[in-house]
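# Structural features, examined
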Amino acid sequence: MSAARKLNLLSVEDYLAGELISPVKHEYIGGVIYAMAGARNVHNLIKGNVFGSLHARLRGRRCRPFNSDTKIRVRLPTHVRFYYPDASVICRPNPQTDSFQDEPAVLFEVLSRRTRRIDEGEKKDAYLTIPSLNVYVLIEQEMAAVVAFRRTENGFVREVYQGLDAVLPLREIGINLPLGEIYENVEFTPEPEDECL
């Protein structure tokens, strides 16, 4: 019988310091880091469109959009996680000297075959524990459709918005987000099968 090997877990402090100088972004789950993979142009176009639309609508307001270089800290009962959502809206920001945010109001992830399981499962479950979060938005890239998990008095409720004429209401931050803007210049084509490996 062999003894189980003990994992050398990375401290939060060492992770945060390392991310400031790393050429590759990493997500952090309870002391273990995971390098983030690159994305296709369509993914980057969609997340850029989301950030641009948020920035235009929130200019001069208390809530501010952040891009995919901003980490979100999730404090679970047993451990801490840091994720990089594709976009976020923060109404109560951390100090500008921090490299992460604690209190997102809205989080956005652009789905791909490779990330769908994590975005719809692990990340959703973690994000929905954040007390400040009002809406978690999952954005399809092969069709004009978004799924929003919105906080209500009875917990989070799943809402679906489809079509380029649809509008995602984000009354919690005082704006609406047209799907036509999210998908501006996007050509809807299926992802290659090898993307899901």
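This report concerns the structure included in the present document. Each chain carries its own residue numbering, running from 1 in the direction its sequence is written. Reporting of local features is limited, given that this is a predicted model, to residues whose pLDDT is at least 70; pairs of side-chain atoms are given and counted only at 80 or more, and all residues count toward the totals for whole chains, interfaces and linings. The basis for every side-chain value is the complete set of heavy atoms in the structure, and neither hydrogens nor water enter the calculation.

## Considerations on the state of the cysteines
Counted only if it meets this: Defined by distance alone, a disulfide is two cysteine sulfur atoms within 2.5 Å. The helix count covers DSSP runs of H or I at least four residues long, the strand count covers runs of E at least two residues long, and both are numbered beginning at the N terminus. Burial here depends on accessible area, computed with a 1.4 Å probe over protein chains only, as a share of the maximum for the residue type. Under 20% is buried, over 50% is exposed, and the range in between is partly exposed.
The full count for this structure, using the stated rule, is 1 disulfide. Across the disulfide, Cys-63 is cross-linked to Cys-91 (sulfur-sulfur distance 1.9 Å). Disulfide Cys-63-Cys-91: torsion about the S-S bond near 105°, hence right-handed. Residue Cys-63 is found in the loop between α2 (41–58) and β3 (64–66), and its partner Cys-91 is found in the loop between β6 (87–90) and β7 (100–101); the two are separated by 28 residues along the sequence. Looking at Cys-63, the relative accessible area reads 6%, which means it is buried.

## Here's the deal with unusual backbone geometry
Residues other than glycine seldom take positive phi values, yet Asn-185 does so here, at roughly 65°. Take Asn-185: it is sitting in the segment after α4 (179–182). Note on Asn-185: relative accessible area 65%, which makes it exposed.

## What about the nonpolar core?
Under the convention used in this document: By nonpolar core we mean a set of buried residues, namely Ala, Val, Leu, Ile, Met, Phe, Trp, Tyr and Cys, connected to one another through side-chain atoms within 4.5 Å.
In terms of nonpolar packing, the biggest core is built from 29 residues, with Phe-108, Ile-139 and Ile-173 touching the most fellow members. For this core, the elements supplying multiple residues, two or more each, are α2, β6, β8 (104–110), β9 (135–139), β10 (145–152), β12 (167–170), β13 (175–178) and α4. Listed in part, the 17 residues of the second largest apolar core include Leu-76, Ile-90, Ala-126 and Leu-133.

## Regarding the pattern of salt bridges
As a reminder of what qualifies: Each salt bridge in this description consists of a side-chain nitrogen of Lys or Arg and a carboxyl oxygen of Asp or Glu lying within 4 Å of one another.
What the rule picks out here adds up to 14 salt bridges. The closest approach of N and O atoms between Lys-123 and Glu-27, which form a salt bridge, is 3.1 Å. Within this pair, whereas Lys-123 is found in helix α3 (residues 116–127), its partner Glu-27 is found in strand β1 (residues 26–29), the two being separated by 96 residues in sequence. Overall, Glu-27 belongs to the buried group, its relative accessible area being 11%. Across the pair Arg-73 and Asp-102 runs a salt bridge whose closest N-O atoms are separated by 2.7 Å. Highlighted residues: Arg-73 in strand β4 (residues 71–75) and Asp-102 in the loop between β7 and β8, separated in sequence by 29 residues. For the pair formed by Arg-73 and Asp-102, the shared burial category is buried. Salt bridges sharing common partners tie together Glu-27, Glu-109, Asp-119 and Lys-123.

Keep in mind these numbers describe shape, not what the thing actually does.
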